[in-house]
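Next come the chains, spelled out residue by residue.
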Amino acid sequence: MADKDVEQTDERGYAAAPWWADLGTWGAVALIVFGGLAATWVFLRLPGTSEEQAFGYYGAAKVIAIGVVSVGCALLGRRRARAAAVEVTNEQNAPDAEGR
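Residues numbered from 1 in each chain as written. Predicted model: local features only at pLDDT ≥ 70, side-chain atom pairs only at ≥ 80, totals over all residues. Heavy atoms only, no water.

Caption draft 1: Quick peek at the overall build of the protein chain. Scanning the protein chain from N- to C-terminus turns up three helices and zero strands. Taken from the N to the C terminus, the helices and strands of the protein chain come in the order α-α-α. Within the span of the protein chain, comprising 100 residues, buried residues form 9% of the whole. For the protein chain, the computed accessible surface area is about 8700 Å², with 60% contributed by carbon and sulfur atoms. (Helix = DSSP H or I, 4+ residues; strand = E, 2+ residues; numbered from the N terminus. Buried < 20%, exposed > 50% of the residue type's maximum accessible area, 1.4 Å probe, protein only. Areas by Shrake-Rupley, 256 points an atom, 1.4 Å probe, with all protein chains shown as cover.)

Caption draft 2: Looking closely at helix 3 (residues 53-93). Compared with the 60 Å implied by 1.5 Å per residue over 41 residues, the 60 Å span of helix 3 between its first and last C-alpha is a close match. Taken together, the buried positions of helix 3 are occupied by Ala60, Gly67, Ser70 and Val71. Each element contacted by the buried residues of helix 3 is listed here: helix 2 (24-43). (Expected span 1.5 Å × (residues − 1). Contact = heavy atoms within 4.5 Å.)

Caption draft 3: Focus on the packing of helix 2 against helix 3. Close contact between helix 2 and helix 3 brings their axes to 8 Å; oriented N to C, the two are set at 160 degrees. Judged on the interaxial angle alone, helix 3 and helix 2 are roughly antiparallel. As for how helix 2 packs across helix 3, the hand of that crossing is left-handed. Of the residues belonging to the contact of helix 2 with helix 3, the class tally is 18 nonpolar, seven polar and one charged. (Axes fitted to C-alpha atoms, helices over the stretch in contact; angles between N-to-C directions. Parallel < 35°, antiparallel > 145°, perpendicular 65-115°, else oblique. Left-handed = near helix turned anticlockwise from the far one by under 90°. Nonpolar A, V, L, I, M, F, W, Y, C, P; charged D, E, K, R; others polar.)

Caption draft 4: Spatial organisation of the environment of alanine 61. Inspection of the secondary structure assignment puts alanine 61 in helix 3. Through-space distance from the C-alpha of alanine 61 to that of glycine 36 is 8.4 Å; in sequence the pair is 25 residues apart.

Caption draft 5: Fine view of unusual backbone geometry. Here arginine 45, not a glycine, exhibits a phi torsion of approximately 55 degrees, which is positive. Looking at the secondary structure, you find arginine 45 in the loop between helix 2 and helix 3. What makes arginine 45 exposed here is its relative accessible area of 61%.

Caption draft 6: Quick look at the confidence of the model for the protein chain. In this model, the protein chain carries an average pLDDT of 82, and 80% of its residues clear a pLDDT of 70 or more. Here helix 1 (residues 2-5) is the element of the protein chain with the lowest mean pLDDT, 59, and helix 2 is the one with the highest, 93. (pLDDT = per-residue confidence, 0-100.)

Laid out in C-alpha cells, this is it:
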C-alpha cells in the first residue's frame, strides 16, 4: 500500500540556474559594456545617481565581474571543444600498430 501511494519522479530538486548562466559570449560582452556605462554614469553624477557613489560603483563592478567570468567560461569552453575536435581528428589519422 505504501509503494502505491508514493509518486516517484525522475526530477531532481535542483534550483533554477542563475540569470546569467545562458548569456553566451556576446551577452557577457554586453554585460561588461553595460557595467562600464553604469560606472561612467556614476562618475559623471548624471541624474539617478545616489548620494553615496560607492553604491553605484559597487553595482557596476558586480555587473562587470559577472560579464568577465561569463566571457572567460564561454571562451574556455570553446577552446576545450576545439582541442577535443583536434584530438579526435589526430586519432583518426594516426597510423595503427602495423604502420598503415
